[in-house]
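Results of the structural survey
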Amino acid sequence: MFKDLKVYQSAMDLCVSIYKITDSYPNHELFGLVSQMRRAVVSIPSNLAEGAGRGSYRDQLRFYYIARGSLAELETQLEISFRLGYVQGRLHKETRFVYRLLNGLISATKKMIVVDSNN
């Protein structure tokens, strides 16, 4: 079950963190940076869940790559937030942790594709 995946749980924790952090952003960013960041961070666990629910490893892999792309987008938005002075730290520790877990899931899924195609 996807809810048991450490990467899913960590992505959900990151999602909560981003929602809390963006609560303090200026009102003029509500439909700009805040909206973009929230959409990107929600996309990460959502695509992990959707991928895990797919019938083939190739379909799973496609959604895991989408999740990774959303994570890269979020990291860019966090860097912009840092440079604008909206956040004190860069949250690299949290995003990098999810990134490492996600890369592990992608690697494992790629191996399953190879095993599946050899059968």
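Residues numbered from 1 in each chain as written. Predicted model: local features only at pLDDT ≥ 70, side-chain atom pairs only at ≥ 80, totals over all residues. Heavy atoms only, no water.

Turning to the pattern of salt bridges, a few remarks are in order. What the rule picks out here adds up to 4 salt bridges. Note that E79 and R83 form a salt bridge whose closest N and O atoms lie 3.0 Å from each other. One end of the pair is E79 and the other is R83, both in helix 3 (residues 57-84) and 4 residues apart, which spans about a single turn. We classify E79 as buried; its relative accessible area is 18%. Given a relative accessible area of 68%, R83 falls into the exposed group. (Salt bridge = Lys/Arg side-chain N within 4 Å of Asp/Glu carboxyl O. Helix = DSSP H or I, 4+ residues; strand = E, 2+ residues; numbered from the N terminus. Buried < 20%, exposed > 50% of the residue type's maximum accessible area, 1.4 Å probe, protein only.)

Bringing helix 4 (residues 92-118) into the picture now. Helix length check: helix 4 (27 residues) gives 39 Å between terminal C-alpha atoms against 39 Å at 1.5 Å per residue, within 8%. Burial in helix 4 covers these residues: T95, V98, L102, L105, I106, T109 and I113. (Expected span 1.5 Å × (residues − 1).)

On to the packing of helix 3 against helix 4, then. In the contact formed by helix 3 and helix 4, the axes pass within 10 Å of each other and the chain directions differ by 165 degrees. As the angle between them shows, helix 3 and helix 4 are arranged roughly antiparallel. Relative to helix 4, the crossing made by helix 3 is left-handed. Among the residues forming the contact of helix 3 with helix 4, the class breakdown is 15 nonpolar, 5 polar and 7 charged. (Axes fitted to C-alpha atoms, helices over the stretch in contact; angles between N-to-C directions. Parallel < 35°, antiparallel > 145°, perpendicular 65-115°, else oblique. Left-handed = near helix turned anticlockwise from the far one by under 90°. Nonpolar A, V, L, I, M, F, W, Y, C, P; charged D, E, K, R; others polar.)

Let us now look at the packing of aromatic side chains. Tallied over the entire structure, the rule returns 2 aromatic pairs. With a centroid separation of 5.0 Å and 80 degrees between ring planes, the pair formed by F2 and Y8 is classed as edge-to-face. For Y8, a relative accessible area of 13% gives the class buried. (Phe/Tyr/Trp six-rings, centres within 6.5 Å; stacked < 30°, edge-to-face > 60°.)

As a further point, take the side chain of R38. Looking at the element boundaries, R38 is found in helix 2 (residues 33-52). Residue class for R38 comes out buried when judged on its relative accessible area of 19%. Within the structure, R38 has its side chain in polar contact with the backbone oxygen of Y19 (distance 3.2 Å). If we ignore the near neighbours within four places in the chain, the residues touching R38 are Y19, T22 and D23. (Polar contact = N/O pair within 3.5 Å; in protein donor to acceptor, adjacent residues only side chain to side chain. Contact = heavy atoms within 4.5 Å.)

Where helix 1 (residues 6-22) contacts helix 2, the two axes come as close as 9 Å, and the packing angle between them is 165 degrees. Overall, the two elements helix 1 and helix 2 adopt an arrangement that is roughly antiparallel. In this structure, helix 1 crosses over helix 2, and the sense of that crossing is left-handed. Every residue of helix 2 that contacts helix 1 at V7, Y8, A11, M12, L14, C15, I18, Y19 and T22 is listed here: V34, M37, R38, V41, V42, I44, P45, L48 and A49. Its residues assigned to classes, the contact of helix 1 with helix 2 shows 16 nonpolar, 1 polar and 1 charged.

It is worth stressing that arrangement in space is one thing and function is another; only the former is reported here.
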